[in-house]
Every structure is written in C-alpha cells, then in structure tokens.
Amino acid sequence: TLNLPPHNVAARWVKSALCVGLYLTYPVMMFPIWNISDAYVLKQQQQQQQQQPPSNNNINHADNNNNDTAVQRQRILFRTLLVVLSALVAYAVPNFGEFLSLVGSSI
C-alpha cells in the first residue's frame, strides 16, 4: 500500500479494507489463547472451591449465580488485559509491522 498514490480513492479504499480485515481477524487469532486461559482460570477456581469446606448443606442458588457472575467478570477482565497488552506491545516495539511480517513469512 505504500506504492499507491496517497490521495487516490482506490488507495484509501484498499487501506481501509486492510484495517477492517485486521479488526475482524484479531478475535480469530486470539480465540485459542482465550480458550486456554479460560480453561486455566476455571480449573484454578474449581480447585479453590474444592478446598473450601461447604458452609451449609443447603447450597443456595443465589451463591451459584454470584460465582458465575464473578467467573464471567474475571474472564472479561482477563480478555481485556490481553487485548490491551497486545496493543501496548505493538505500540512500544519500533517497526513492529516489519518484525511481524518477518515472523509471518517464516511460518
């Protein structure tokens, strides 16, 4: 896209299409990472719940809903941190695009 004239409508359209493509493929690339991290977080939480003795024989349905909400909040927070971390790495590393192209071409 650097070879295209900067004020040409077609060049702007190509650059916009590339940006939209990156925006839409980011979740696809992050999906395996989120699955692995979710499984790890949920496994740790289940181990913690098994270690705690039950406080009451009658398990309250509201407690289960609170636990589900807490798990969901942890998942959202962790995914948000992953997105922010990847954005910070991309911003902080000089010439990150060239490095990414080199890595992508070697696979």
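Residues numbered from 1 in each chain as written. Predicted model: local features only at pLDDT ≥ 70, side-chain atom pairs only at ≥ 80, totals over all residues. Heavy atoms only, no water.

(A) Inspection of the overall build of the protein at higher detail. In terms of helices and strands, the protein carries three helices and zero strands. Mapped in sequence order, the helices and strands of the protein form the string α-α-α. Considering the protein as a whole, with its 107 residues, one finds that 7% of them fall into the buried category. Carbon and sulfur atoms make up 64% of the accessible area of the protein, which totals about 9,400 Å². (Helix = DSSP H or I, 4+ residues; strand = E, 2+ residues; numbered from the N terminus. Buried < 20%, exposed > 50% of the residue type's maximum accessible area, 1.4 Å probe, protein only. Areas by Shrake-Rupley, 256 points an atom, 1.4 Å probe, with all protein chains shown as cover.)

(B) Structural view of the confidence of the model for the protein. Mean pLDDT over the protein works out to 77, with 72% of the residues at or above the 70 mark. At the level of individual helices and strands, the protein shows its lowest average pLDDT in helix H3 (residues 96-106), which scores 72, and its highest in helix H1 (residues 9-51), which scores 82. (pLDDT = per-residue confidence, 0-100.)

(C) Representation of the side chain of Ser37 within the structure. Mapped onto the secondary structure, Ser37 falls in helix H1. Judged by relative accessible area, Ser37 falls into the buried class, the value being 9%. Beyond its immediate sequence surroundings of up to four residues, Ser37 is in contact with Phe78 and Leu82. (Contact = heavy atoms within 4.5 Å.)

(D) Main features of the environment of Pro27. Tracing the sequence through the fold places Pro27 in helix H1. With 56 residues separating them in the primary sequence, Pro27 and Val83 have C-alpha atoms 9.6 Å apart.

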